[in-house]
Amino acid sequence: MTIAAALSRVRAELDAAAVAAGRNPSEVRLIAVSKTHPAERIREAFSSGQHDFGENYAQELAAKQLALSDVEARWHFIGRIQRNKARLIASAYRVHALENAAQAEALVARASTGRVEALVAVNVGEEPQKTGVLPLDLLGTLASLRGVSGLTVRGLMALPPMVDDPEAVRPFFARMAELRAAAAAHGHDMAELSMGMSSDAALAVGYGATWVRVGTAIFGAR
């Protein structure tokens, strides 16, 4: 299947999921996860109308931004943030896995515009081996991030457990919807929710995802 055909199929599935959930399909935006895939394949996806791309590694993000500087792609950094690589990450359109004020300050200090827009990563399964803010710590973390000048928090990113059965992730998506509502009730901007991948994207849409991160279903296996 061509990248154009794969994108068309993924978008149709997301649109159908949005309609089934009583949402406007325009509320759900697709991030093509392009990590490890060459710039030529990203260019092909861009030519097929895909403008948002997700990268997990700072050096790879920087290299692809340079190689594709002639196209108006929007780059999303969706990996773990390392402060010593903040200069490379800060150039992203969205930083999806912010965890604390120290990371935020490092990003803002190195951003050419002096501003960074980010989402806070939530370890919704409370897995000890995984990064991300624990649900019980979320409101406190959001409050601390309010003190970082130049940072705008746009919402949350879900880091659910990896499961074989997509249905098994449903309780974690439901929990993310609850956390988003609670944060909004405390006055935080929760316009965006980054949640869902190739195997469970449609399910995530039903729980309010606004950014869905899909790689394999578009570019194939790595």
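As the structure is a prediction and not an experimental result, all values here were calculated from the model. (Residues numbered from 1 in each chain as written. Predicted model: local features only at pLDDT ≥ 70, side-chain atom pairs only at ≥ 80, totals over all residues. Heavy atoms only, no water.)

1. What about the overall build of the protein?
Moving on, step 1. A tally of regular secondary structure across the protein gives 9 helices and 8 strands.
Moving on, step 2. Taken against the 2.2 N^0.38 rule, which gives 17 Å for 222 residues, the C-alpha radius of gyration of the protein at 17 Å falls within 12% of a compact globule.
Moving on, step 3. For the C-alpha atoms alone, the extent of the protein along its principal axes is close to 45 × 40 × 30 Å.
Moving on, step 4. Burial analysis of the protein (222 residues in total) assigns 50% to the buried set.
Moving on, step 5. In the protein, of all internal contacts separated by at least 6 residues, the share reaching a separation of at least 24 is 57%.
Moving on, step 6. A total accessible area of about 10,100 Å² is found for the protein, and carbon and sulfur atoms account for 51% of it.
Moving on, step 7. Where the 24 positive side-chain charges of the protein centre and where its 23 negative ones centre are 4 Å apart. (Helix = DSSP H or I, 4+ residues; strand = E, 2+ residues; numbered from the N terminus. Rg over C-alpha atoms; globule rule 2.2 N^0.38 Å. Buried < 20%, exposed > 50% of the residue type's maximum accessible area, 1.4 Å probe, protein only. Contact = heavy atoms within 4.5 Å. Areas by Shrake-Rupley, 256 points an atom, 1.4 Å probe, with all protein chains shown as cover. Lys, Arg positive; Asp, Glu negative; His and termini not counted. Charge placed at Lys NZ, Arg CZ, Asp CG, Glu CD.)

2. Examining helix α7 (residues 170–185)
Moving on, step 1. Along its 16 residues, α7 runs 23 Å from first to last C-alpha, staying within 8% of the 22 Å computed at 1.5 Å per residue.
Moving on, step 2. By the burial criterion, the buried members of α7 are Phe173, Met176, Leu179, Arg180 and Ala183. With its buried residues spanning 115° around the axis, α7 presents them on a single face. Turned more than 90 degrees off the buried face of α7, the exposed positions are Pro171 and Ala185.
Moving on, step 3. Structurally, α7 contributes buried residues whose contacts are with β5 (116–122), α6 (138–145), β6 (151–158), β7 (192–194) and α8 (201–206).
Moving on, step 4. Among the residues trailing α7, Gly187 stands out with phi positive, at a value near 90°. (Expected span 1.5 Å × (residues − 1). Arc of directions from axis to C-beta.)

3. Quick look at the packing of aromatic side chains
Moving on, step 1. Under the definition given, this model contains 2 aromatic pairs.
Moving on, step 2. Where Phe53 meets Trp75, the ring centres are 5.8 Å apart and the plane angle is 40°; that geometry is what we call tilted. Here the residue Phe53 occupies a position in strand β2 (residues 52–55), and Trp75 occupies one in strand β3 (residues 74–77), the gap between them amounting to 22 residues. The same class applies to Phe53 and to Trp75, which are both buried.
Moving on, step 3. Ring centres of Tyr93 and Trp211 lie 6.5 Å apart, and the angle between their planes is 85°; this geometry places the pair in the edge-to-face category. You can see Tyr93 sitting in the loop between α4 (86–89) and β4 (94–98) and its partner Trp211 sitting in strand β8 (residues 211–214), a full 118 residues away along the chain.
Moving on, step 4. The class for Tyr93 is partly exposed, based on a relative accessible area of 32%. (Phe/Tyr/Trp six-rings, centres within 6.5 Å; stacked < 30°, edge-to-face > 60°.)

4. With respect to the nonpolar core
Moving on, step 1. Ranked by size, the top nonpolar core spans 66 residues in total, and within it Phe53, Leu107, Leu151, Leu156, Met176 and Ile218 carry the most contacts.
Moving on, step 2. In this structure Leu151 touches Leu98, Ala104, Val108, Arg115, Val116, Ala118 and Leu145, once residues within four positions along its chain are discounted.
Moving on, step 3. Within the second largest apolar cluster, 7 residues are counted, among which are Ala97, Leu119, Ala121 and Leu159. (Core = buried A, V, L, I, M, F, W, Y, C linked by side-chain atoms within 4.5 Å.)

5. Things to note about the pairing of β8
Moving on, step 1. Burial along β8 is two-sided: Trp211 and Arg213 facing one way and Val212 and Val214 facing the other are all buried.
Moving on, step 2. Here 4 bridges tie strand β1 (residues 29–33) to β8, and the two strands are oriented parallel to one another. Paired with Ile31 across the strands is Arg213, a residue of β8. (Pairing = 2+ DSSP bridges.)

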